[in-house]
Amino acid sequence: MTLTARMTGTARACLLLRTCLHRYRRRTALPLAGIACLTLWASWPAFFAPPPRFAPSPLPVSQPGKTPRLESALVNQPDPLRVHAAAITALPNGQLFAVWFGGQREGGTDVKIYAADYKDGAWSPQRVLATPAQTMAETGRFVRKLGNPVAFVTPQGELWVVYVSVALGGWAASQLNLIVSPDLGKSWQPARRLITEPFLNISTLVKGPPVFFENGDIGLPVYYEMAGKSGELLTLSPAGEVRRVTRMDHGLRSLQPIVLVETPARAVSLLRDGDDLPPHRVWRTETTDAGQHWSPLTQTDLPNPNSALSALRLKDGGLLAVANDVENERFRLSLLLSTDDGQHWRVIHRFEDKESFLRNPPDRNTFRARLSEDLQDIGRMPDPETVARNAENNLCGTHCSWQYDYPYLIRAADGDFHLVYTWNRSFIRHLRFNEAWLEKIL
Amino acid sequence: MIPVLLASLGYGLAITLFFSLGAPWLRGHLKRMTMALAAVCALLHLPVPGVSLLAVLRGALGDLSIVTLVFLTILFFQGPRSLVPYPRSFALMGLAFFLLSFGLSPLHLYAWGYAPAVLPCLTGGLAFLLWLRGRRAFSLALLAALVGWRLHWLDSGNLWDYLLDAPLVMVALGRAVFLCIARKPLQAR
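The residue numbering used here restarts from 1 in each chain and proceeds along that chain's sequence as written. All chains are assigned letters beginning with A, and all ligands numbers beginning with 1, in the order in which they are written. Whole-chain, interface and lining totals are the exception, using all residues; otherwise, since this is a predicted model, local features are given only for residues with pLDDT of at least 70 and side-chain atom pairs are given and counted only at 80 or more.

Observations concerning the nonpolar core
Consideration 1: Note on definitions: a nonpolar core is a set of buried residues drawn from Ala, Val, Leu, Ile, Met, Phe, Trp, Tyr and Cys, linked by C-beta atoms within 7 Å. Counting other C-beta atoms within 10 Å of each residue's C-beta, where C-beta atoms are placed from the backbone, gives the exposure class: buried for 20 or more, exposed for 12 or fewer, partly exposed between. In this structure, A:A86, A:A98, A:V99, A:I428 and B:A145 are the most contacted members of the largest nonpolar core, which totals 156 residues.
Consideration 2: Per-element accounting of this core gives the leading share, 8 residues, to helix α7 (residues 136–151) of chain B.
Consideration 3: Each domain span listed reflects an automatic or database assignment of domains. Counting only domains with at least three residues in this core, you end up with domain 1 (1–63) and domain 2 (64–189) of chain B.
Consideration 4: The residues contacting A:A98, other than those within four sequence positions of it, are A:V75, A:A86, A:A87, A:I88, A:A115, A:A116, A:Y118, A:V420 and A:I428. Only DSSP runs of H or I with at least four residues qualify as helices, and only runs of E with at least two residues qualify as strands; both kinds are numbered from the N terminus onward. Contact between two residues is assigned when their C-beta atoms, built from the backbone, lie within 7 Å.

Concerning the interface of chain A and chain B
Consideration 1: Taken together, the contacts link 43 residues of chain A with 43 residues of chain B.
Consideration 2: Sorting the residues of the side of chain A that touches chain B by element identifies α2 (9–47) and β15 (242–247) of chain A as the ones contributing at least two each.
Consideration 3: The element best represented in the side of chain A that touches chain B is α2(A), accounting for 13 residues.
Consideration 4: In this count, Pro and Cys sit with the nonpolar residues alongside Ala, Val, Leu, Ile, Met, Phe, Trp and Tyr, while Asp, Glu, Lys and Arg are called charged and the others, Gly among them, polar. Its residues placed into classes, the side of chain A that touches chain B shows 25 nonpolar, 10 polar and 8 charged.

Some words on the domain arrangement of chain B
All names here are of chain B.
Consideration 1: Under the domain assignment used here, chain B contains domain 1 (1–63) and domain 2 (64–189).
Consideration 2: Distance between the C-alpha centres of domain 1 and domain 2: 21 Å.
Consideration 3: Taken together, the contact between domain 1 and domain 2 spans 16 residues of the former and 15 residues of the latter.
Consideration 4: If you tally residues by element for the side of domain 1 that touches domain 2, the top one is helix α1 (residues 2–21), at 10 residues.
Consideration 5: Residue composition of the side of domain 1 that touches domain 2, grouped by class: 11 nonpolar, 3 polar and 2 charged.

Looking at the pairing of strand β20 (residues 310–313) of chain A
Consideration 1: Between any two strands, pairing holds if DSSP finds at least two bridges. Summarising the sheet, β20(A) and strand β21 (residues 319–323) of chain A pair through 4 bridges and their orientation is antiparallel. The residue of β21(A) that forms the bridge with A:A311 is A:A321.

Describing the sheet that holds strand β26 (residues 427–433) of chain A
Residue and element names in this part refer to chain A.
Consideration 1: The sheet built from 4 strands is open, its strands ordered β1-β26-β25-β24 with antiparallel pairing. Edge positions in the sheet fall to β1 (70–74) and β24 (404–411), since each has one partner strand and no second. With direction set aside, neighbouring strand axes in the sheet form an average angle of 20 degrees.
Consideration 2: Pairing between strand β25 (residues 417–423) and β26: 7 bridges, direction antiparallel. When the sheet's bridge partners are listed, F417 is paired in β26 with F433. Axes here mean lines fitted to C-alpha atoms, for a helix over just the part in contact, with angles spanning 0 to 180 degrees between N-to-C directions.

Some points on the sheet that holds β21(A)
Residue and element names in this part refer to chain A.
Consideration 1: The 4 strands are arranged β20-β21-β22-β23 in an open sheet whose pairing can be described as antiparallel. Each of the sheet's edge strands pairs with one partner strand only, and the pair in question is β20 and β23 (346–353). Along the sheet, successive strands turn relative to each other by an average axial angle of 15 degrees, direction set aside.

Some remarks on helix α5 (residues 384–395) of chain A
Residues and elements named next belong to chain A.
Consideration 1: Here a helix's expected span is defined as the number of its residues, less one, multiplied by 1.5 Å. Relative to the 16 Å expected for 12 residues at 1.5 Å per residue, α5 spans 16 Å between its end C-alpha atoms, a close match to the ideal helical length.
Consideration 2: Taken together, the buried positions of α5 are V387, N390 and A391. One side of α5 holds all its buried residues, which, seen down the axis, span an arc of 95 degrees. Across α5 from its buried face, at more than 90 degrees, point the exposed residues E385 and N393.
Consideration 3: Buried residues in α5 make contact with β1, α4 (364–375) and β26. The arc in question is formed by the directions pointing from the helix axis toward the C-beta atoms.

Next comes the structure, spelled out in structure tokens:
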């Protein structure tokens, strides 16, 4: 055997490198050393990055002896005609802050991001938080329309709103923007664009509430829906820079993840079903390394009509969800409980239910009659006639339909639960309930 | 501020070079080309109607990568030649990368571009090899991308956005197709 044949692969590589270096030594040794140093400098921080760890939210404890309470109100004014995709967050000062988008129609160029504050048991008048023109001016990038917003308070005490914008095309070409308020909504810094995708930075949307990491990073559940549909966990630094992204799945079946943290390493994610093929069920995945890897998706027993859901973790380990628990329509919105980490669910309450109209869509007269009954339970709202007129305009063609969707559920520091959702495409409904009410219906 | 300046320069160079293809009086004259570049950059910021062309380009196409910027700068100073070295390999790699990012495959290469050391080391290694092979411009472009990424010159924190962009891959693809078509008559002879 020759010497070369007996050499190991490593020795051969070293010999090759030595030959190359010898050949080029005189003219290139210095530049090559420079390249090596520069590479080392560029990659240096990555060698020392600690593995991420979730910071499980402290679970609020309700005061014992409270009487069961379920309150309802409409958050927004009748103008604009259509609203959707509300999100709510509890502020450290005890108030609530809600955001949603509204315009003459979803995807219209007149759509703006609106906000309102909940203080002393009532919602303030809505105000405009972002417009396409304002976003365009502040990001320096063309924007044609706006979409889903999500609001939350960071561990540093800043109020952030992340919202979707589109320059060209439909929702699949969405991009994310971030606005930050250092004083809980009194003033806002200019919007900035988050760069999250390689191809023209398109197709990242947001819907679910964030999770937090021990180092102060923010994990934002987002989703991708251009060629494929999949949930992602986008990690942002406290300064709003994208640090990391991990996909929960690939293919065409799941979107709009909700991440429920259990321990610093473990979390469960529930995802909206985006699959064309039945059975239509909520998807589930879990991570045991703080979101760096996700298990293959499995179907839960919770039906899902390709519609967003919301969920949170209770102090006994159970999961509480609000979802449209039907396969094809959004006429029902239910409160559900799971005691096996999201695999099986049971309905504990129906907030909205129009199943009786499923095979028999109401005409305008029937619709009006039923709507006026509903309005009696709606609580604080604008002029009831205007509310009814908007709902009729949005839901009635030849026949009428009902729609209750895009729930967003949180729990405030005082232990009360707050749910906002789109009520008949026309209003954002806010439901507030306490643990005593929850225990009563369990 | 730096991302806006780089975007302005990048799109300014691209538009100036594109127009110079049909303007022999401009091509090869550095002084005229520089004046044209300044004019194009100024026009890019002009808000007509209400929105500047730069905002439209950044909104629709995003920012150009640092590698593209280096290539465009070299072209600007050295006159017309192929923008992308190794166009076939470049186009293939770029297409594969973008297709993998569309979410249909479990491999998500774009995620590598954030903090892990693998991609910066691979980029440095490639720059090293290209330098040894005499492809110094390409090597410098990759190194500039590494420096830009570390210093956060663009809005993105992902190294891929400093190395690749869709317009560059499209140009490489166009060049690769052109080379394939141009070679066929030679083979037929």
